[in-house]
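Spelled out from the first residue to the last, the chains are:
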Amino acid sequence: MVRRWSALLLGQVQAPEPGSRLARDDELFPALPTSTVTWYAMNSAIDHLDLGADLLQAENATVLRPSAFYSITRSALLGAAQALWILAGDDDERAIRSLLVVHDEAHMQSKFLRAYLDDATFAADVTPQLVEKMKDDDGRLRARLSTVKAELKQRGRHRRFESTEVIKEVARWMAPRERWLRRAILDQWMRGSAAAHSRMWSLHVRPAESEPSPDGTGVVRRTTTTPEDVAQAYGAPTLILQEALRLWDRDRRVARPATPFLIAEPIIRPTLHP
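Keep in mind that this is a model prediction, so the values were computed, not measured.

Reading the values: rules and limits
- Residues numbered from 1 in each chain as written.
- Predicted model: local features only at pLDDT ≥ 70, side-chain atom pairs only at ≥ 80, totals over all residues.
- Heavy atoms only, no water.
- Helix = DSSP H or I, 4+ residues; strand = E, 2+ residues; numbered from the N terminus.
- Contact = heavy atoms within 4.5 Å.
- 1 Å grid on protein atoms, 1.4 Å probe; cavity = no way out; pocket = protein on both sides within 12 Å on 5 of 7 lines; lining within 4 Å.
- Points joined across faces, edges and corners; volume = space filled by probe spheres on them.
- Salt bridge = Lys/Arg side-chain N within 4 Å of Asp/Glu carboxyl O.
- Buried < 20%, exposed > 50% of the residue type's maximum accessible area, 1.4 Å probe, protein only.
- Phe/Tyr/Trp six-rings, centres within 6.5 Å; stacked < 30°, edge-to-face > 60°.
- Expected span 1.5 Å × (residues − 1).
- Patch = residues over 30% accessible without salt bridge, like charges linked within 9 Å, V, L, I, M, F, W, Y side chains within 5 Å.
- Areas by Shrake-Rupley, 256 points an atom, 1.4 Å probe, with all protein chains shown as cover.
- Core = buried A, V, L, I, M, F, W, Y, C linked by side-chain atoms within 4.5 Å.

To continue, consider the side chain of Asp 138. Among the structural elements, Asp 138 can be located in helix H7 (residues 128–154). Non-local contacts of Asp 138, meaning those with residues more than four positions away in its chain, are made with Ser 110, Leu 113, Arg 114 and Leu 117.

Next up, the structure:
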C-alpha cells in the first residue's frame with residue numbers, strides 16, 4: 001500500500017471538485033485552505049512511511065534499529081493523524097481543527113523568522129531587501145494569527161494545536177471498541193516521542209539486557225527491537241493514513257445522487273378480498 005501511495009507524491013495534486021465537501025471547507029480560510037493542510041499532512045506521512053519501507057526492504061538491513069526507526073514512524077503517525085483528525089470531524093469540528101493547524105503553521109513560521117530578525121548580527125550579513133521581506137512576511141503572519149485567533153474564539157475554542165490531543169482523538173476514532181488498538185496507537189506515539197527526543201525511559205518498558213557496569217557503580221543496558229515492535233510502529237500510521245485517504249477521496253468528490261430502483265412490473269397491492 002505504501003509503495004502505491006508513494007506514487008501520489010509524484011502525480012498531479014488531487015484538487016477538490018467544486019461543490020464537494022472539501023471545496024466548501026476551503027472557503028473558510030482560502031489563504032491556507034483545509035484541502036492544502038490535509039493533503040500536505042498525508043504527503044508527509046507517505047514520505048516517512050516510504051523511507052521506512054526502504055529501510056525494511058534494504059538487502060543489507062541486518063539490524064533492526066532500536067531508536068531511529070521509531071522517529072520515522074512517529075513522524076508518519078503525526079502526519080496521518082493530523083489529516084484524519086480534520087477529515088473525520090463534523091462541519092464545525094473540521095473548521096476548528098483546520099484553523100488550529102493554520103494557527104500553528106503561522107506561529108511556527110513567525111518563530112522561525114524572528115530567530116533571524118532578533119539576531120543582532122543578521123542584518124549585517126544579508127541584503128536590506130531580504131531583511132525587509134522577512135519583516136513583511138512576519139507582519140503578515142502576525143496578522144493571520146490575530147485573524148485566526150479571533151475566529152477560533154468566536155467558535156468557542158481557546159487552546160492551541162496540541163499533537164498529543166490529536167493522537168488521542170484519532171485513536172478513539174480508529175478504535176471505538178477495540179481497546180488494545182487504541183492503546184497501541186498511543187503507545188507508539190509516546191515511545192516514538194522518547195526515541196525522537198533522545199529519552200531513555202522507554203528502555204524500562206522494552207526488552208533489554210542489563211549487566212553491571214565495568215566499575216560496578218551502575219548498570220549497562222543493551223536493547224534491540226523485535227519484528228512485533230516494528231510491525232506495530234509501522235502499522236499504526238499505515239492504518240490511520242489508509243482511513244485518511246479514504247475520507248479524502250470521499251470528500252473531495254461531489255456526492256452523486258443514488259440511481260433510483262427501476263420497477264419493470266406493476267406492484268401487487270394487498271386487497272381486502274381474495
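On to empty space enclosed by the protein, then. Considering all chains together, one arrives at two cavities of 30 Å³ or more under this definition. Within this model, the largest cavity holds a volume of roughly 60 Å³. Along its surface, the largest cavity is lined by Pro 66, Tyr 70, Gln 188, Arg 191, Gly 192, Ala 195, Ser 202, Arg 206 and Asp 229. For the lining of the largest cavity, the leading source of residues is helix H9 (residues 179–196), giving four residues. Together, Trp 85, Leu 100, Arg 157, Arg 160, Phe 161, Glu 162, Glu 165, Val 166 and Glu 169 line the second largest cavity. A per-element tally of the lining of the second largest cavity places helix H8 (residues 163–174) first, with three residues.

Attention now moves to the pattern of salt bridges. Enumeration over the complete set of coordinates arrives at 22 salt bridges. Measuring nitrogen to oxygen at the nearest pair gives 3.4 Å for the salt bridge that ties Asp 91 to Arg 21. Highlighted residues: Asp 91 in helix H5 (residues 91–117) and Arg 21 in helix H2 (residues 21–26), separated in sequence by 70 residues. Of the residues examined, Arg 21 reaches a relative accessible area of 22% and is grouped as partly exposed. Ionic pairing is found between Arg 191 and Asp 229, a salt bridge with its closest N-O pair at 3.2 Å.

In this section: the environment of Ser 44. Following the sequence through the fold, Ser 44 ends up in helix H3 (residues 34–57). Overall, Ser 44 belongs to the partly exposed group, its relative accessible area being 22%. In sequence terms Ser 44 and Gly 139 are 95 residues apart; their C-alpha atoms lie 28 Å from each other.

Turning our attention to the packing of aromatic side chains. Geometrically, a pair of aromatic rings is defined through the distance of the ring centres and the angle of the planes. A full pass over the atoms with the stated rule returns six aromatic pairs. With a centroid separation of 5.4 Å and 75° between ring planes, the pair formed by Phe 112 and Tyr 116 is classed as edge-to-face. Residue Phe 112 and its partner Tyr 116 are located together in helix H5, separated by four residues, close to a single helical turn. The exposure class assigned to Tyr 116 is partly exposed, which follows from its relative accessible area of 37%. Here the aromatic rings of Tyr 116 and Phe 122 are separated by 5.2 Å at their centres, their planes lie at 55°, and the arrangement is tilted. Judged by its relative accessible area of 13%, Phe 122 falls in the buried class.

Turning next to H7. Between its terminal C-alpha atoms H7 stretches 39 Å, which fits the 39 Å expected from 27 residues at 1.5 Å a residue. Listing the buried residues of H7 in full gives Val 131, Met 134, Asp 137, Asp 138, Leu 141, Arg 144, Leu 145, Val 148 and Leu 152. In the core, the buried residues of H7 are packed alongside H5 and helix H6 (122–125). Taken from the residues just after H7, Gly 156 is the one with a positive phi, measuring 85°.

You can see Leu 186 is positioned in helix H9. When the C-alpha atoms of Leu 186 and Lys 168 are compared, they prove to be 6.8 Å apart, with 18 residues separating the residues in sequence. Beyond its immediate stretch of four places on either side in the chain, Leu 186 contacts Ile 167, Lys 168 and Ala 171.

The next point concerns a nonpolar patch on the surface. A contiguous nonpolar patch, built from Met 190, Trp 201 and Val 205 and spanning about 320 Å² of accessible area, is present on the exposed surface. Structurally, the position occupied by Val 205 is in the loop between H9 and strand E1 (209–212).

Attention now goes to unusual backbone geometry. If you check the backbone angles, Ser 198 has positive phi at about 55° while not being a glycine. Structurally, the position occupied by Ser 198 is in the loop between H9 and E1.

Moving on, we come to the side chain of Thr 238. Among the secondary structure elements, Thr 238 is positioned in helix H10 (residues 227–251). The exposure class assigned to Thr 238 is buried, which follows from its relative accessible area of 9%. Other than its neighbours up to four places away in sequence, Thr 238 contacts Met 1, Val 2, Trp 5 and Leu 49.

What follows is about the nonpolar core. Burial of nonpolar side chains together is a common tendency in soluble globular proteins. Formed by 49 residues in total, the largest nonpolar core has its most connected members in Met 42, Leu 77, Trp 85, Val 170, Ile 185, Ile 240 and Leu 241. Mapped onto this core, the elements with two or more residues apiece are helix H1 (2–5), H3, helix H4 (68–87), H5, H7, H8, H9 and H10. Dropping the residues within four chain positions of it, Leu 241 is found in contact with Trp 5, Met 42, Ala 45, Ile 46, Leu 49 and Ala 80. Among the nonpolar cores identified, the runner-up in size contains eight residues, and Phe 122, Val 131, Met 134 and Leu 145 belong to it.

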